[in-house]
Every structure is written in structure tokens, then in C-alpha cells.
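# Understanding the architecture of this molecule
Listed here are the chains, written in short residue letters.
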Amino acid sequence: MKLTSYWLDTSKPFSGSAKGPVEGTYDVAVIGGGLTGSSAALALARKGARVILLEAETIGHAASGRNGGMCNNGFAQDYRMMSAKLGRETADRLYRAFDAGVDTVERLIAEEGIDCNFARVGKIKLAAKPEHYDKLARAQELLVAHVDPDTEMVRREDLAAEIGSERYYGGLIYRKSATIHIGRFVRGLAEAATRHGVAIHERTPMTGLKPAPGGGHTVETPKGKVLARQVVLASGISHTGPLGWVRRRIVPVGAFLIVTEPLPVELLDKLTPRRRNAVDTKNLVNYFRTTPDNRLLFGGRARFAVSNPASDEKSGAILRTALHGVFPELREARIDYCWGGMVDMTRDRLPRAGERNGIYYSMGYSGHGTQMSTLMGTIMAEVMDGRAELNPWKDFAWPAIPGHFGKPWFLPLVGTYYRIKDRFQ
């Protein structure tokens, strides 16, 4: 069993990393080489900007390599609840932003010729309890009436056409959602950015960021420093560099995944007949999908703990038990990959993007990063060009989390809280 990302292990390494010192003057410095940073750098370069991207590790190393390879439309939260909380007009506008995110991913793949197995197979949200089905059905009535007629409820007695498991009580289908090989996509974005002139420096953490005397910002790294007229933070949960303001607002939550050995097609036809993305309704969510080489990927919030080899193996054991609960047929299947790490979540599970003290930022995708991070990377290129109205999150305040100063001391408490909610709700 490999304790490494399946996505990164089965995609070609990024080949365009710049050599030599970090120096010079740029229109924009992008901090972070995941989906947000790579798509922002690409969009900025296509607009004619001189761009440098600084990545502390390697392209796609952090949250962008820790997701399920799902490019889903729709909220993580209940649409009915979001409409009541935000007002239907705002909820509809944000919902359509997630739709636009999936469209943006598909467009960039076509424009840049990225081979990453994108397919609009749809998503099914599976009711973990009978009452969850009723809640999904109420939300879907509003979705059809107001913002997404391409949704459909599936009753428990009809669920075998979607999933070969007795674990669930029906589900809600979102037809616009897609699968994607996320490792090939994020590295493909970075390769495209270099073709458009972006200087990408891997293993180059930002260690200092301060206003420059004549305007712009000085960005410091162990390999040198640059002067940039504008800076965009696409750093997510990074603990490197002077990002205390961000860290007090981000909840770093563990995302853990396992991937089986290649499975017979006949078995997959029984377990996932339509090859949709699948996610359940629990707070400690589980999700699964097939991979391009006929494996089953299974992920979730297995533990609220930091990631290291020992921790990942414990999380993998929890996920294996959950996998067997959903698909008993896989009890004897070998697990070839197990990995995890922290992803960036906000208190309300909605992204945040904007500008502070001349520094632009976009992060906090809360488990819906593939489509929204790609969309926001392209949008931030426009926002930095004076079109702030395009930012769907521009009116959302982002207060610090009380008592949170960067180290997630409260994660075990959060895990206990959600386990209790899953038991009694």
C-alpha cells in the first residue's frame, strides 16, 4: 500500500519548474501552485501579464492532490437552508457560480488540450437515513423550480440502478457534475501556464511579504526575492510564510482517501452502474467514485487529526471499515493507495475571496475545490484587473475564528461534535 496520492502517482510530474534564483520584477506574484494558483497564473498570463508562481512544495502537492477527483455542481449545504439563510436570489447566484466552475474546468481542458479523463457522469447525494431522503426531496423541489431542473430524486426501491449497496435510503442526482483525474488536471494547468510565459518555481516557499517603497510588494523566498505590482494568495492551509491573518480564519480539516486495486468491470457495473460521483449526507461525510483504471476511490473525514504516515494508516483503516459497510463485496479487495492531509474549510463552508491591504486572496473551498478553485483563479485575474463585481464572494465578511491563532487545537472537539450529530440527526 502506497502512502501517497493516487492522483499524483498516476500523472506525469510537472516538467516546467524554473531553475536558478528568484529575482526580477513582475506584474503579479502568485503564491501557491494548486488549482487556484495555477488557473490564476494561466489566466493572468493569457491577459498579457508577466507572472511568477511560487510553490512551497510541488505542483498539486497540498489540497489539490487530496480530493476525490470530483468536479461537482451544487452546494455542500442544503439548498433549501441556504435559500432561507442568504435569500433565494443570493443562493441562486452562488449556486450558478458552482455550475460555472464545472463549465470553466471543461473549457480550460479543451482550450489547453489537457488529457485528464473529464466526463460529465453526474453526482448522486445518498441519504444516509430515511429522514435525510425527505430533506433532500424538499430541497430538490426548490432546485427544480428555481435554479437546477437537471436534478432528480431516486427512491430507495430504484437505487439499484445507481449503486449496488443496501446502505442508503435514496438519493438526489445532479446531472451537471463530472469526474476528472485531478493530478493530470492541476499539472496540466501548470504546464499550460508555463507555455504562456509564467515562471513557476517549485520548492520555493514565500518567507516574507511586505510593501515595496515605490509601490507593489516585495516577496521573499530562500532563493531570492522579487518585486511584484500585485500579489495573489492561493495558499490554502499553508503554514509557511507570514499568513497569520489567513490562518485565523481557516479551519484545516483532514481529508483522507483510499484506492483499491483494479477491479473487474463486471463488479464495478454492479457497484456503480453509472459511474457517478457519490457522496452521502453525513456530517462526517464519505464519498466514492471509480477511477480511469477501474479502481474504487473511497474518501471522507475519517479522523480530525494531522496527516503523517502513522495517522494516515489509522485513517485508512477507518475508511476501509466504512468501505466494507457500503460494499461488502470489497472485503477481500487489496488497498493500493492511502493518503491524506489538511484542506481549507471556513466556518460556514463557503469560500472567501477578495483583497486586503493590496493583497488578493481566494481560498476556503471546504471540500468543493476542483470547480470553485479553478473558477476563482480565472475570476481573480479579472478582479485584479479592476472587475471586482465578478467576485461572487465579494460581499461575504470573513471574521477571525475566536480563539484560533493558526494551530487547530480544537479539531478533536469538532470531530466529537460531528460524530454526535451523525448519531442523533
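Shown above is the structure to which this text applies.
Below, the structure is looked at part by part. Predicted model, so just to flag it, every value in this text is computed and none were measured.

All right, on to unusual backbone geometry then. Even without glycine at this site, Arg 275 takes up a positive phi of about 60°. At Asn 357, a position not held by glycine, the phi torsion is positive, near 55°. Along the chain, Asn 357 falls in the loop between strand 17 (352-356) and strand 18 (359-363).

Turning our attention to the pairing of strand 12 (residues 251-260). The side chains of a regular strand alternate, residue by residue, between the two faces of the sheet. In terms of residue burial, strand 12 counts as a mostly covered element, since 10 of its 10 residues are buried. Covered by surrounding structure in strand 12 are Val 251, Val 253, Ala 255, Leu 257 and Val 259 together with Pro 252, Gly 254, Phe 256, Ile 258 and Thr 260, the residues of both alternating faces. Here strand 12 pairs with strand 16 (residues 335-345) via 10 bridges, running antiparallel. From the neighbouring strand, Ala 255 faces strand 16, where its bridge partner is Gly 341.

Applying the stated criterion across every chain, the model contains 12 aromatic pairs. Centre to centre, the rings of Trp 245 and Trp 398 are 5.6 Å apart; their planes meet at 90°, and the pair counts as edge-to-face. In this pair, Trp 245 sits in helix 7 (residues 244-247) while Trp 398 sits in the loop between helix 10 (369-383) and helix 11 (411-424), placing the two residues 153 residues apart along the sequence. Here Trp 245 and Trp 398 have matching classes, each one buried. With a centroid separation of 5.3 Å and 80° between ring planes, the pair formed by Phe 288 and Phe 327 is classed as edge-to-face. Remark: Phe 327 occurs in the loop between helix 9 (309-326) and strand 16 and Phe 288 occurs in strand 14 (residues 286-290); sequence separation between them is 39 residues. Taking relative accessible area as the criterion, Phe 288 reaches 2% and is therefore assigned buried.

Within a sheet, neighbouring strands are paired by backbone hydrogen bonds and run either parallel or antiparallel to one another. As summarised here, the arrangement of the eight strands in space is 5-6-4-13-14-15-12-16, forming an open sheet in which the pairing is mixed. Of all strands in the sheet, those bounded by a partner on one side alone are strand 5 (151-155) and strand 16. Here the average twist between neighbouring strands, direction ignored, is 20°. Looking at chain direction, strand 14 and strand 15 (residues 296-300) are connected through five bridges and run antiparallel. Residue Phe 288 lies in a different strand from strand 15, and its bridge partner there is Phe 298. Sheet contacts for helix 9: strand 12, strand 14, strand 15 and strand 16; angle to strand 12, the most-contacted strand, approximately 60°.

With the rule as written, the count across this model stands at 29 salt bridges. Ionic pairing is found between Asp 336 and Arg 295, a salt bridge with its closest N-O pair at 2.7 Å. With Asp 336 in strand 16 and Arg 295 in the loop between strand 14 and strand 15, this pair connects stretches of sequence that are 41 residues apart. An identical accessibility class is assigned to Asp 336 and Arg 295; each is buried. A cluster of three or more residues bridged by salt bridges with shared partners is formed by Arg 46, Arg 107, Glu 111, Glu 112 and Arg 195.

Where helix 3 (residues 79-86) contacts helix 4 (residues 88-112), the two axes come as close as 6 Å, and the packing angle between them is 130°. Viewed along their axes, helix 3 and helix 4 adopt a mutual orientation that is oblique. For the pair formed by helix 3 and helix 4, the contact residues are Tyr 79, Met 82, Ser 83 and Leu 86 on the first element and Arg 88, Thr 90, Ala 91, Asp 92, Leu 94 and Tyr 95 on the second.

Attention now goes to the nonpolar core. In terms of nonpolar packing, the biggest core is built from 72 residues, with Phe 185 and Trp 393 touching the most fellow members. Among the elements that line this core, the one with the most residues is helix 4, at nine residues. If we skip the residues at most four places from it in the chain, Trp 393 touches Leu 94, Phe 98, Leu 350, Pro 351, Arg 352, Ala 353, Met 372 and Met 376. Among the nonpolar cores identified, the runner-up in size contains 24 residues, and Ile 173, Leu 268, Leu 319 and Ala 333 belong to it.

Within strand 15, five of the five residues are buried, which leaves it mostly tucked inside the rest of the structure. Direction of pairing for strand 12 relative to strand 15: antiparallel, over a ladder of four bridges. For Ile 258, the partnering residue across the bridge sits in strand 15 and is Phe 298. Remark: five residues form the turn of the hairpin made by strand 14 and strand 15, two consecutive strands paired antiparallel; Asn 294 in that turn has positive phi of roughly 65°.

The rules behind these values
- Residues numbered from 1 in each chain as written.
- Predicted model: local features only at pLDDT ≥ 70, side-chain atom pairs only at ≥ 80, totals over all residues.
- Heavy atoms only, no water.
- Helix = DSSP H or I, 4+ residues; strand = E, 2+ residues; numbered from the N terminus.
- Buried < 20%, exposed > 50% of the residue type's maximum accessible area, 1.4 Å probe, protein only.
- Pairing = 2+ DSSP bridges.
- Phe/Tyr/Trp six-rings, centres within 6.5 Å; stacked < 30°, edge-to-face > 60°.
- Axes fitted to C-alpha atoms, helices over the stretch in contact; angles between N-to-C directions.
- Contact = heavy atoms within 4.5 Å.
- Salt bridge = Lys/Arg side-chain N within 4 Å of Asp/Glu carboxyl O.
- Parallel < 35°, antiparallel > 145°, perpendicular 65-115°, else oblique.
- Core = buried A, V, L, I, M, F, W, Y, C linked by side-chain atoms within 4.5 Å.

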